[in-house]
Amino acid sequence: YENWLTLNALDIPQQHAIKTLGKMDIDLLIGTEVKNNVNSAMIYRWNTWSESWTIEDEIPEKGIHAFIPVDNFVYLVAGDRGNVYFYNGEQLQLFRRIGGEFNRTDKITVNPSATASLHGIPLIGVSNVSGNPMECGVYGMGTVNPQQFPRVFDLEYVLSKGLSNITIGAVA
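Residues numbered from 1 in each chain as written. Predicted model: local features only at pLDDT ≥ 70, side-chain atom pairs only at ≥ 80, totals over all residues. Heavy atoms only, no water.

Caption draft 1: Looking closely at the overall build of the protein. In terms of helices and strands, the protein carries zero helices and 13 strands. Listing the helices and strands of the protein from first to last along the sequence gives β-β-β-β-β-β-β-β-β-β-β-β-β. For the protein, the spread of C-alpha atoms along the principal axes amounts to about 50 × 40 × 30 Å. Of all 172 residues assigned to the protein, the portion counted as buried reaches 45%. Here the contacts in the protein between residues at least 6 apart in sequence split such that 41% fall between residues at least 24 apart. Counting every atom, the protein has about 10,000 Å² of accessible surface; 49% of that belongs to carbon and sulfur. For the protein, the separation between the mean place of its 12 positive charges and that of its 18 negative charges on side chains is 9 Å. (Helix = DSSP H or I, 4+ residues; strand = E, 2+ residues; numbered from the N terminus. Buried < 20%, exposed > 50% of the residue type's maximum accessible area, 1.4 Å probe, protein only. Contact = heavy atoms within 4.5 Å. Areas by Shrake-Rupley, 256 points an atom, 1.4 Å probe, with all protein chains shown as cover. Lys, Arg positive; Asp, Glu negative; His and termini not counted. Charge placed at Lys NZ, Arg CZ, Asp CG, Glu CD.)

The structure is reproduced here in structure tokens:
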């Protein structure tokens, strides 16, 4: 018995770089970005035993940055304006924006490991890339009952260093 590492095992188009990984049931979710500011991010769903991914969907964003852990659901952050998408297993649907006041050149990001869940509330670490369109920190995506009340984004945890010029690499 030999172990083999096969690079490029999945036939993901070469222009798409893998940015983040997530899961849905037993499937692997792959979020990509295209370099050079191309607005073409893809999500690939792979059952981990087939020769290739089984479902794909494209959104006009500059990358899928992070998957957000929510009980029995999959959300993700894409682009540089904090857009949050809901993934139903086949298609991405724009859910809403985290918040902020964006000018033309303002950008934020959520790093791939900057999401977590605490007491059932999804947490998202927001970092400004250029400008200061919103306060940096860890935002909650909470609700009392998702069937009756919408999810609300609020700044759950303010960082001790302030609300700007911060990079959040991971939330645990």
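Caption draft 2: Just the pairing of strand β5 (residues 64-70), in detail. Across the seven residues of β5, six count as buried, placing the element largely inside the fold. Note: β5 against strand β6 (residues 73-78), six bridges, orientation antiparallel. When the bridges of β6 are listed, F67 appears paired with L76. The hairpin turn running from β5 into β6, its antiparallel successor, is two residues long, and N72 in that turn takes a positive phi close to 65 degrees. (Pairing = 2+ DSSP bridges.)

Caption draft 3: Summary view of the nonpolar core. Counting 25 residues, the largest nonpolar core has I68, V84, I98, V110, I124 and V126 as the members making the most contacts within it. When residues of this core are traced back to their parent elements, those giving at least two are β5, β6, β7 (83-87), β11 (121-130) and β12 (137-142). When sequence neighbours within four positions are dropped, the list of residues in contact with V110 reads H65, A66, V77, I98, T115, I124, G125 and V126. Formed by 13 residues, the second largest nonpolar core is a distinct cluster that contains M24, A41, V74 and A78. (Core = buried A, V, L, I, M, F, W, Y, C linked by side-chain atoms within 4.5 Å.)

Caption draft 4: Just the pattern of salt bridges, in detail. All chains considered together, the criterion is met by five salt bridges. One salt bridge in this structure joins E33 and K19, with 3.9 Å as the shortest N-O distance. Placement of the pair is E33 in strand β2 (residues 27-34) and K19 in strand β1 (residues 16-24), with a sequence separation of 14 residues. Residue classification places K19 among the partly exposed residues on the basis of a relative accessible area of 26%. Between E33 and K35 there is a salt bridge, and its shortest N-O distance comes to 2.9 Å. Judged by relative accessible area, which is 14%, E33 ranks as buried. One salt-bridge network, held together by shared partners, links K19, E33 and K35. (Salt bridge = Lys/Arg side-chain N within 4 Å of Asp/Glu carboxyl O.)

Caption draft 5: Region of the structure containing the sheet that holds β6. Reading across from one edge, β5-β6-β7-β8 is the order of the four strands in this open sheet, with antiparallel pairing throughout. With partners counted over all chains shown, the strands left at the sheet margins are β5 and β8 (92-97), one partner each. The mean angle between the axes of side-by-side strands here comes to 30 degrees, regardless of whether they run parallel or antiparallel. Note that β6 and β7 share five bridges and pair antiparallel. In the strand pairing of β7, L76 is matched with Y85. (Axes fitted to C-alpha atoms, helices over the stretch in contact; angles between N-to-C directions.)

Caption draft 6: Just the side chain of D106, in detail. With respect to the helices, strands and loops of the structure, D106 is situated in the loop between β8 and β9 (107-109). Buried within the structure, D106 lacks any salt-bridge partner; R81 is the closest side chain of opposite charge, at an N-O distance of 6.7 Å. In contact with D106, other than residues within four places in its own chain, are D80, R81, E101, S130, G131, N132 and P133.

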